[in-house]
Structure formats: C-alpha cells, structure tokens
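Take a look at the letters that make up each chain.
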Amino acid sequence: MGRSFFLRPSVWLVVLLLLTLWLDSNLQHPNPQQDSHSQLEVDYIIENMNGVQVNHDLKANRFFSADKLTHYPAGDISQLEHVSLISVEPDKPLLRVTSDQAELTEGSNDIFLRKNVIIIRGKDEDKDKVTMLTDFLHVIPDTDIAKTDQPVTVIRMNSTASAVGLFVNNQTGEILLQSRVTAHDDRTPRTNR
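If you're wondering where the values come from, they're calculated on a predicted model, not measured in any experiment.

Side note on the overall build of the protein chain
A tally of regular secondary structure across the protein chain gives two helices and nine strands. In the protein chain, the order of α-helices and β-strands from amino to carboxyl end is α-α-β-β-β-β-β-β-β-β-β. Looking at the protein chain as a whole, 26% of its 193 residues are labelled buried. Contacts in the protein chain between residues at least 24 apart in sequence constitute 36% of all its contacts with a sequence separation of at least 6. With an accessible surface of roughly 13,500 Å², the protein chain has 56% of that area assigned to carbon and sulfur atoms.

Digging into the environment of Arg121
Assignment of secondary structure puts Arg121 in strand S5 (residues 111-121). C-alpha of Arg121 to C-alpha of Leu95: the two residues are 26 residues apart in sequence and 4.6 Å apart in space.

Concerning the pattern of salt bridges
Where charged atoms of side chains with opposite charge meet at close range, the side chains can pair. Enumeration over the complete set of coordinates arrives at three salt bridges. Ionic pairing is found between Asp124 and Arg96, a salt bridge with its closest N-O pair at 3.0 Å. Taken together, the residues span a long stretch of sequence, with Asp124 in the loop between S5 and strand S6 (130-140) and Arg96 in strand S4 (residues 95-105) at a distance of 28 residues. Residue Asp124 is joined to Lys129 by a salt bridge in which the shortest nitrogen-to-oxygen separation is 3.6 Å. The structure contains a network of salt bridges with shared partners spanning Arg96, Asp124 and Lys129.

The rules we used
- Residues numbered from 1 in each chain as written.
- Predicted model: local features only at pLDDT ≥ 70, side-chain atom pairs only at ≥ 80, totals over all residues.
- Heavy atoms only, no water.
- Helix = DSSP H or I, 4+ residues; strand = E, 2+ residues; numbered from the N terminus.
- Buried < 20%, exposed > 50% of the residue type's maximum accessible area, 1.4 Å probe, protein only.
- Contact = heavy atoms within 4.5 Å.
- Areas by Shrake-Rupley, 256 points an atom, 1.4 Å probe, with all protein chains shown as cover.
- Salt bridge = Lys/Arg side-chain N within 4 Å of Asp/Glu carboxyl O.

Listed below in structure tokens is the structure:
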C-alpha cells in the first residue's frame, strides 16, 4: 500500500508534465495547417472602390479604382482586382495604368501589378502618346518609377518595340528598355532582297 501511494503522485506529475509540454508546443508553435489557414483569413472586402490622393504642394492628383479589394491581416496585404491608376500633374504627361490584379502591403511604397498591365503615357489625342504592355509591373508611386523584368511591348505612333525589362521614370520622362530589344516602324517600307 505504501508503494502505490508513492507511485500515484509521480504518475500525476508525469501526466501534468506531458500536458504542460503539449500545451506549450501547441500554443507557441501552431502547426502549419493552422498557420496557412490564418494567412487565408480575410478581415474585409471592399467592392467598387474609388479614391483620390492630392498633393497640394506639387499640384498632383492621383486617382485610383478597383472592382474589388480583399485585405488579409497576416502580412497586412491587400489584393485588388481590375485596377486603374491615373496620375495628373502640371507639366507632365497624363499617366494611366490598368491591370487585372494588384497587390500592396501597408506601410510599403510598392504596388505590384499583374496580368494585362497597360501603361499609357499621354492623352489619347497626343501624337507623342506611348502605350506599354506587360504582365507584371512594380510601381513606386512616390518616386514616379515603374519597372519590370518581364517581356514588354512599347507602342508609339507607328513604331513598336519589344524587350525584356523596362524602367520608366515619369518625373524625367525616361523610358529604358532593358534587353532583347527589337523594334519595327510601320512607316518604313519593307523591300524584299
């Protein structure tokens, strides 16, 4: 009887120790299934979103719209569908950007546009209007810079250029094609040789 009396507290102590270890591992280190599920949780959705950013000092206006914005609290990530960005500033050409998808992180000055990205620099009636097409674009709005390392097509008047990689600085008007550049001008007649 004395021997079983001493075993019982040690059995309870072992059970308590195992329970403590199990609770500690589950509370501090959630399993990957729980963690990936929490990353998919949505805290809000906004449909038919429109907004304006005004910089009175620069007399700059930026308009943006999206059919749908979905915000994920894990990583503070916003994903947008059917996005449109318009930048209007004095002494600079009108800049319009559209894409099927976009992603941005709160506190970051980066917008990542994906699928059917169209950049139009200038008004439709401008003879110097430039249209750029790609499937990925990294936009940094505060610096007026946009860039991609993906294939891109640039159209201006009757000329078309294709390349891999693009850098656009809307403040300076600079457009740089990075590599594998080919160009074609429809105004130049082709001859068979």
